[in-house]
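# Coordinate inspection notes
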Amino acid sequence: KPAEKPKGEVLYEEALALPSSIPVLIAADFNTTGLCGGEADKGGQWYKCIRKKGSNLPSGEGGGTFGIGKHAPFPASKLRTVFYSTINDLNEPAFTGKAILSSFELEGDTRRGTGYFGSLEGGRAAGVRDLGRIPELFRRKEQGLSLFVMGFREEGDWKESLMKAVLENFFVAIDRGLLKVVFETDAGKETIEQESLEALMMRYAPESAQFLVALRKPLGGKPVIAEVAHIGEVELYLAHGKEFDRKVVFMRRPLIVVQKKKRNLVHEPFAGVFICQNKDGNRV
């Protein structure tokens, strides 16, 4: 059996094999604040997204779950490179690029594997904040954030996999009309929104359809609302069905699934959606 090549060597071979015209996956959001804060503002969204290795907002008011999802785009890039372009709520543009490769030693010094694209300021690359210096391809026209995954790995049913992830993790926000996700490819456009949610979930994420049933048709016609010590008010939506698998999905204020757990506390099969949106509980 031949020895496996080091990951770094495989990465460079893949990068060198890319054609002169490369695929790029663009993920853009709208009606959001964009990334606020400067290069040295460690509490700002720009620093946390671009510079910090992993941490959600300490207040627990927004963001995702554990602060590690921001690294997910890099394995999807054959160049391990992602560009970021934003216009924040102060109407300030900012643009930068980030590559995460492998650290290595050279003449006794450890060279870090993370590199940045931007304006050289004080020996480090800072974000480009002059709109005229941001390449046309990467310029945003309205407030929000865009990610550009360079050399995107168009492997397998990538679109279906992304749609499944959206449906499984954001179905409550979509069902409440707070989120709409549009997928655009050369083949056309498909929109996940309140009206299309049930049909698309049955098609792409049927194992999660039980949670949508619980959300829309809970036992008794409404959720169980209770005060929990140290957490505060919470909502629990429960539904009974012989095909359900006794699982509960847990969500906090951003209405993203934080975790999914199986509960064998009752004999009858059920599905549940637990939502905690109050300030104290959301932080916990």
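Residues numbered from 1 in each chain as written. Predicted model: local features only at pLDDT ≥ 70, side-chain atom pairs only at ≥ 80, totals over all residues. Heavy atoms only, no water.

### Quick word on helix H3 (residues 158-175)
The line we're drawing: Counting from the N terminus, the helices are the DSSP runs of H or I reaching at least four residues and the strands are the DSSP runs of E reaching at least two. Multiplying one less than the number of residues by 1.5 Å gives the expected span of a helix. Fitting axes to the seven residues ending at a residue and to the seven starting there, one defines the bend at that residue as the angle between these axes. Each residue is placed in one exposure class: buried if its accessible area under a 1.4 Å probe, protein chains only, is under 20% of its type's maximum, exposed if it is over 50%, and partly exposed if it falls in between.
The end-to-end C-alpha separation of H3 is 24 Å, in line with the 26 Å expected for 18 residues at 1.5 Å each. At Asn-169, H3 is deflected by roughly 65°, the largest bend along its length. Among all positions in H3, only Lys-159, Met-163, Val-166, Leu-167, Phe-171, Val-172, Ala-173, Ile-174 and Asp-175 are buried. Immediately downstream of H3, the backbone of Gly-177 shows phi near 75°, a positive value.

### Description of the pairing of strand S14 (residues 247-251)
Formally: When DSSP locates at least two bridges between a pair of strands, those strands are taken to pair.
Among the 5 residues of S14, 4 are classified as buried, and the element is accordingly described as predominantly covered. Examined bridge by bridge, S14 and strand S15 (residues 257-262) share 5 bridges and lie antiparallel to one another. Across the sheet, Lys-247 pairs through a bridge with Lys-262, a residue of S15. Linking two consecutive strands that pair antiparallel, namely S14 and S15, is a turn of 5 residues; a positive phi of about 60° is found at Leu-255 within it.

### With respect to the side chain of Arg-153
Our working definition: Residue contacts are counted whenever heavy atoms from the two residues lie within 4.5 Å of one another.
Its place among the elements puts Arg-153 in the loop between strand S9 (144-150) and H3. In this view, Arg-153 contacts Glu-14, Pro-75, Ala-76, Ser-77 and Lys-78; residues no more than four positions away in its chain are not counted.

### Details of the nonpolar core
Short version of the rule: Among buried residues, the Ala, Val, Leu, Ile, Met, Phe, Trp, Tyr and Cys ones that are joined through side-chain atoms within 4.5 Å form a nonpolar core.
Leu-167, Phe-171, Val-172, Ile-192 and Val-273 are the most contacted members of the largest nonpolar core, which has 30 residues in total. Mapped onto this core, the elements with two or more residues apiece are H3, strand S10 (181-185), helix H4 (197-204), helix H5 (209-216), strand S13 (232-240), S14 and strand S16 (270-275). Among the elements that line this core, the one with the most residues is H3, at 7 residues. When near neighbours in sequence (up to four residues on either side) are disregarded, Phe-171 contacts Val-166, Leu-197, Met-201, Phe-211, Leu-212, Leu-215, Val-249, Met-251, Val-257 and Val-273. With 11 residues, the next largest nonpolar core counts Leu-35, Trp-46, Val-82 and Ile-100 among its residues.

### A closer look at the pattern of salt bridges
For the record, the criterion: The rule for a salt bridge is simple: a side-chain nitrogen of Lys or Arg has to be within 4 Å of a carboxyl oxygen of Asp or Glu.
One pass over the full model with this rule turns up 13 salt bridges. Across the pair Glu-168 and Lys-164 runs a salt bridge, and its minimum N-O distance is 4.0 Å. Within this pair, Glu-168 and its partner Lys-164 are both found in helix H3, separated by 4 residues, close to a single helical turn. The salt bridge involving Arg-216 is made with Asp-175; its shortest N-O contact spans 2.7 Å. With Arg-216 in helix H5 and Asp-175 in helix H3, this pair connects stretches of sequence that are 41 residues apart. You can call Arg-216 partly exposed: its relative accessible area is 34%. Taken together, the shared-partner salt bridges connect Glu-14, Arg-153 and Glu-155 into one network.

### Section: the sheet that holds S14
Note the threshold: All axes here are fitted lines through C-alpha atoms, helices being fitted over the stretch that makes contact, and every angle between N-to-C directions spans 0 to 180 degrees.
Read across the sheet, 5 strands follow the order S12-S13-S16-S14-S15 without closing on themselves; strand pairing throughout is mixed. One side of each edge strand has no neighbouring strand; the edge strands of this open sheet are strand S12 (224-228) and S15. When the angles between neighbouring strand axes are averaged without regard to direction, this sheet yields 20°. Sitting on the sheet, H5 is in contact with S13, S14, S15 and S16, with an inclination near 65° to S16.

### Thoughts on the packing of H4 against H5
Packed helix pairs are specified by the crossing angle of their axes together with the interaxial distance, meaning the distance between the axes. The criterion, for reference: The scheme is simple: roughly parallel for angles under 35 degrees, roughly antiparallel for over 145, roughly perpendicular for 65 to 115, oblique for anything else.
Interaxial distance between H4 and H5 falls to 9 Å at its minimum, and their mutual angle equals 155°. The angle between H4 and H5 places the two elements in the roughly antiparallel class. Residue-level contacts link Leu-197, Glu-198, Met-201 and Met-202 of H4 to Ala-209, Leu-212 and Arg-216 of H5.

### Examining the pairing of strand S11 (residues 188-192)
Bridge count for S10 against S11 is 5 bridges, and the pairing is antiparallel. Bridge pairing links Glu-184 to Lys-189 in S11. The antiparallel pairing of S10 with S11 creates a hairpin that spans 2 residues between the two strands.

Honestly, it's all geometry; don't read function into it.
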